[in-house]
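Structural overview
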Amino acid sequence: MSSHQNLAPSSWVMRQSMSWPTQGQVLDFASGRGRHSLVLAERFHLLAVDRDADALTPLAAHPNIDIAICDLESDAAWPFASKKFDAVVVTNYLFRPKLAALFDLVADDGYLTYETFAVGNAAFGRPKNPDFLLHEGELAAALPAEFDIIDEFHGVISDPQPAVIQRLAARRVDPSQQTSKPTL
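Throughout what follows, the structure given in this document is the object of discussion. (Residues numbered from 1 in each chain as written. Predicted model: local features only at pLDDT ≥ 70, side-chain atom pairs only at ≥ 80, totals over all residues. Heavy atoms only, no water.)

As for the sheet that holds strand β6 (residues 147-157)
- What the seven strands build is an open sheet, ordered β3-β2-β1-β4-β5-β7-β6; its pairing is mixed. For this open sheet the edge positions go to β3 (65-69) and β6, each flanked by a neighbour on one side alone. For this sheet, the mean inter-axis angle between neighbouring strands, taken without regard to orientation, is 15°.
- Inspection of the sheet shows strand β1 (residues 25-29) paired to strand β4 (residues 85-91) by four bridges, in the parallel sense. Looking at the pairing, Phe29 lines up with Val90 of β4. (Pairing = 2+ DSSP bridges. Helix = DSSP H or I, 4+ residues; strand = E, 2+ residues; numbered from the N terminus. Axes fitted to C-alpha atoms, helices over the stretch in contact; angles between N-to-C directions.)

Take a look at the structure:
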């Protein structure tokens, strides 16, 4: 089994990116070596964030990629508090205490694309620690009300390698576009 660090970009993530605004600002959160950043940077300006400086360094040479070395799980001040992105992509990463802050990074009319491991993955390899495995429906349940779910999946995949994963694609509805529902 190959390490998920050396995988090709997720075809599901790439399909989701076709809906994002062409000139949009994209955050690749916990980007690792940039398997998504490098491909997405052909169409978008990206901020690749990870705590691994060695993994991020090669990405800095790309003209459409900015990098930020940041321990996303530390108690330090959240460095993105005043930023909004047209799309936020997260793969193979889960830190529940920062989920709400992560969702808040999505701009009005922006997109969230999240794909990571889920309960049951231990049968296929790492991660096995339940702290890093989503329960069925967990991402959707944590999503703020102003998001509309575009696509959702929880189950076993075989490509690029066998795993149990959860996927969620959602769009934050611009409050000015929301229609109030009549009360009964």
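Having seen the model, we can carry on.
Notes on the environment of Gln161
- Relative to the helices and strands, Gln161 resides in the loop between β6 and β7 (163-172).
- Overall, Gln161 belongs to the buried group, its relative accessible area being 9%.
- Taking C-alpha positions, Gln161 is 29 Å from Asn64, a pair spaced 97 residues apart along the chain. (Buried < 20%, exposed > 50% of the residue type's maximum accessible area, 1.4 Å probe, protein only.)

Details of the nonpolar core
- Ranked by size, the top nonpolar core spans 31 residues in total, and within it Phe29, Phe80, Val88 and Leu112 carry the most contacts.
- Looking at this core, the elements with two or more residues in it are β1, β2 (45-50), β4, α4 (99-103), β5 (106-117), α5 (138-142) and β7.
- Every residue in contact with Leu112, bar those within four places of it in the chain, is listed here: Val88, Phe103, Val106, Leu143, Phe147, Leu168, Ala169 and Ala170.
- Core analysis: the next-biggest nonpolar cluster, separate from the first, contains 17 residues, Trp20, Leu40, Leu59 and Ala87 among them. (Core = buried A, V, L, I, M, F, W, Y, C linked by side-chain atoms within 4.5 Å. Contact = heavy atoms within 4.5 Å.)

Digging into the packing of aromatic side chains
- With the rule as written, the count across this model stands at three aromatic pairs.
- Here Phe29 and Tyr93 contribute two aromatic rings whose centre-to-centre distance is 5.9 Å and whose plane-to-plane angle is 70°, an arrangement assigned as edge-to-face. With Phe29 in strand β1 and Tyr93 in the loop between β4 and α4, the pair connects residues that are 64 residues apart, well separated along the chain. As far as the burial class goes, Phe29 and Tyr93 line up, both buried. (Phe/Tyr/Trp six-rings, centres within 6.5 Å; stacked < 30°, edge-to-face > 60°.)

Concerning the pairing of β6
- Pairing analysis gives ten bridges linking β6 to β7, with the strands arranged antiparallel. Counterpart to Phe147 in the pairing with β7 is Arg172.

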